[in-house]
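A look at the structure
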Amino acid sequence: MTNRQRIDKSKAVIIAAVVTALAIMLGGLAFGLSLAVRDHRERGSDSGKLMAGYLLQESAYELRNTMSALRLCNEVEPAEELSRTGLVHAVRAETALECHTDYWADSRNKEAFLNDIATVLHAYSAQKTIELSDKLYEYSAEFYRAITENSEFVYNGELIEGEQKHPDVEITDGDIDAAQRLVSEALDTEKVQYVGVWDGHIEFNIERDGKSGYAVVCGNKITEFAYSRDNVSQATDKQTAQVVAVKTAERCGYDNLTVKWCEFTGSSTSVLMCKSYDGALACDDYATAVVVNDSVVAFTAGGCDSEHKNIPTAKKTEAQARGAVKDAPEGTLVVRKKDGKERICYEYRIELEDGVHYVYVCAESGKQIEVK
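Residues numbered from 1 in each chain as written. Predicted model: local features only at pLDDT ≥ 70, side-chain atom pairs only at ≥ 80, totals over all residues. Heavy atoms only, no water.

1. Things to note about the nonpolar core
- The biggest cluster of nonpolar side chains holds 33 residues, and the ones touching the most others in it are F113, I117, L136, F143 and L159.
- At the level of secondary structure, the elements contributing two or more residues to this core comprise α3 (45-70), α4 (76-100), α5 (108-123), α6 (126-131) and α7 (133-149).
- Ranked by residue count, the leading element in this core is α4, at seven residues.
- Setting aside chain neighbours within four positions, we find L136 in contact with M67, L70, I117, V120, T129 and L159.
- If you look at the next biggest cluster of nonpolar residues, it comprises 31 residues, including A179, I202, V217 and A245. (Core = buried A, V, L, I, M, F, W, Y, C linked by side-chain atoms within 4.5 Å. Buried < 20%, exposed > 50% of the residue type's maximum accessible area, 1.4 Å probe, protein only. Helix = DSSP H or I, 4+ residues; strand = E, 2+ residues; numbered from the N terminus. Contact = heavy atoms within 4.5 Å.)

2. Quick notes on the pattern of salt bridges
- Counted under the stated rule, the structure contains nine salt bridges.
- Measuring nitrogen to oxygen at the nearest pair gives 3.6 Å for the salt bridge that ties E263 to K238. With a gap of 25 residues between them, E263 in strand β5 (residues 258-265) and K238 in helix α9 (residues 238-251) connect regions that are remote in the sequence.
- A relative accessible area of 27% places E263 in the partly exposed class.
- As a salt-bridge pair, E370 and R336 come within 2.6 Å of each other at their nearest N and O atoms. Pair noted here: E370 is in strand β12 (residues 368-371) and R336 is in strand β9 (residues 332-338), with a separation of 34 residues, a long-range link. (Salt bridge = Lys/Arg side-chain N within 4 Å of Asp/Glu carboxyl O.)

3. As for α5
- Over its 16 residues, α5 extends 22 Å from the first C-alpha to the last, a length consistent with the 22 Å expected when each residue adds 1.5 Å.
- Among the residues making up α5, those that are buried are K110, E111, F113, L114, N115, D116, I117, A118, V120 and L121. (Expected span 1.5 Å × (residues − 1).)

4. Quick word on the pairing of strand β7 (residues 280-292)
- By the criterion of burial, β7 is predominantly enclosed, with 12 of the 13 residues buried.
- Here strand β6 (residues 268-277) folds back onto β7, and the loop between the two strands holds two residues, one of which, D278, carries a positive phi near 50°.
- Sheet topology places β7 next to strand β8 (residues 295-300); five bridges connect them, and they run antiparallel. Paired with V291 across the bridge in β8 is V296.
- Where β7 folds back on β8, the antiparallel hairpin that results is connected by two residues, among which N293 adopts a positive phi of roughly 50°. (Pairing = 2+ DSSP bridges.)

5. Points about the packing of aromatic side chains
- As enumerated under the stated definition, the model contains 10 aromatic pairs in all.
- Put simply, the rings of F113, Y139, F143, F153 and Y155 pair up and form one aromatic cluster.
- Above the face of the Y137 ring, R71 is positioned so that its terminal group lies 3.8 Å from the ring centre.
- Positioned over the ring face of Y360 is R336, at 4.0 Å from the centre of the ring. (Phe/Tyr/Trp six-rings, centres within 6.5 Å; stacked < 30°, edge-to-face > 60°. Lys NZ or Arg CZ within 6 Å of the ring centre and 35° of its normal.)

6. Digging into the confidence of the model for the protein
- The predicted model of the protein has a mean per-residue pLDDT of 80, with 81% of residues at 70 or higher.
- Mean pLDDT values for the elements of the protein range from 38 in helix α1 (residues 13-27) up to 95 in helix α8 (residues 173-187).
- Note on residues 1-45: pLDDT under 50 across the span, and 138 contacts to partners over four residues away in sequence or across chains.
- Scored below 50 in pLDDT, residues 163-167 shows nine contacts in the model against residues more than four places distant or in partner chains. (pLDDT = per-residue confidence, 0-100.)

7. Focus on unusual backbone geometry
- The backbone of D294 sits at a positive phi, close to 65°, despite the residue not being glycine.
- In this fold, D294 is placed in the loop between β7 and β8.
- Of note, the phi angle at D327 is positive, near 50°, even though the residue is not glycine.

8. Re a negative patch on the surface
- On the surface, E170, D173, D175 and D177 cluster together into a negatively charged patch.
- Turning to its location among the elements, E170 is positioned in the loop between α7 and α8. (Patch = residues over 30% accessible without salt bridge, like charges linked within 9 Å, V, L, I, M, F, W, Y side chains within 5 Å. Areas by Shrake-Rupley, 256 points an atom, 1.4 Å probe, with all protein chains shown as cover. Lys, Arg positive; Asp, Glu negative; His and termini not counted. Charge placed at Lys NZ, Arg CZ, Asp CG, Glu CD.)

9. Details of the pairing of β9
- Bridge analysis of β9 against strand β10 (residues 341-352) gives seven bridges, and the strand direction is antiparallel. Among the inter-strand pairings, L333 is bridged to a residue of β10, identified as Y346.
- Connecting β9 to the next strand, β10, in antiparallel fashion are two residues, including D339 with a positive phi near 55°.

10. Description of the environment of S107
- Following the sequence through the fold, S107 ends up in the loop between α4 and α5.
- Taking the C-alpha atoms as reference points, S107 and L97, separated by 10 residues in sequence, lie 7.9 Å from one another.

This is the structure in structure tokens:
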């Protein structure tokens, strides 16, 4: 989700925040973060970095205070409210950090922390966030201290239980050569330059049609890439964008993905793709593509390497489940991991006056299990 080469890093942070809000409304937190960063364009670098620095300090301060308040919660309702507030500050801090930092390696731990705390606040139950509140505050306080004092910030994924890391993966020269060939062939690049290795990932600077960018390879797959954009970008029609996005995902090593939604987002067309398990979409484990001028300019595979096993069988039809949601349109069968358990449910997208909400109805019992 993160553009570690800081392409077009000095766009006004306010515009990035607007793009983030739109993307979250359409397709979820992680996609919103990636769009906010990758939609940056050139402005004055000094003024942009200064503005980003102010926003970063403010967001870190508010995130720390919100997580501190969460430690006092013992009921679900106030914890949910604080989680929503903390999520906003985490998104703002992530966007500001992308604009403020020149070299991706300098902020890798900070980015990992913001991504993980956003995942906790967005996807975990309120009860679970209460249980994690001490740890959430501890790392939020350390993050704020690192931002304000320019000190070292150490984070190794402690907030996410069971997350797969790759610290001990040995990368050989042969692996780097193979990854370079994969990037060159899959993305039809004119230039591929090796940058470095981190946690089992191999990163390259790339260039195509005069546009610079970056690509990241893990194993035999391109997990993310992005190119810079100019002011003459045009959105691609939805049908073409979906075809281009799926083909690009296949070239990057992700086969058999199903398009969940496709929307116009400013001067681009955004496509979200999920794995499918017997017709149930893994809606929290997705790949995203941003299509401009009939070509993918940004791609991230996110959690597409996750696997869902022992998925329960749906016992209720969609029509039966819909009865649990007031004035709901037709829902989508999805599989999600909630509180460590596989759940199969129907997802209903509801537009209210304050924005878009999602209701998840268990496909086994026909009862609501989450609203967000």
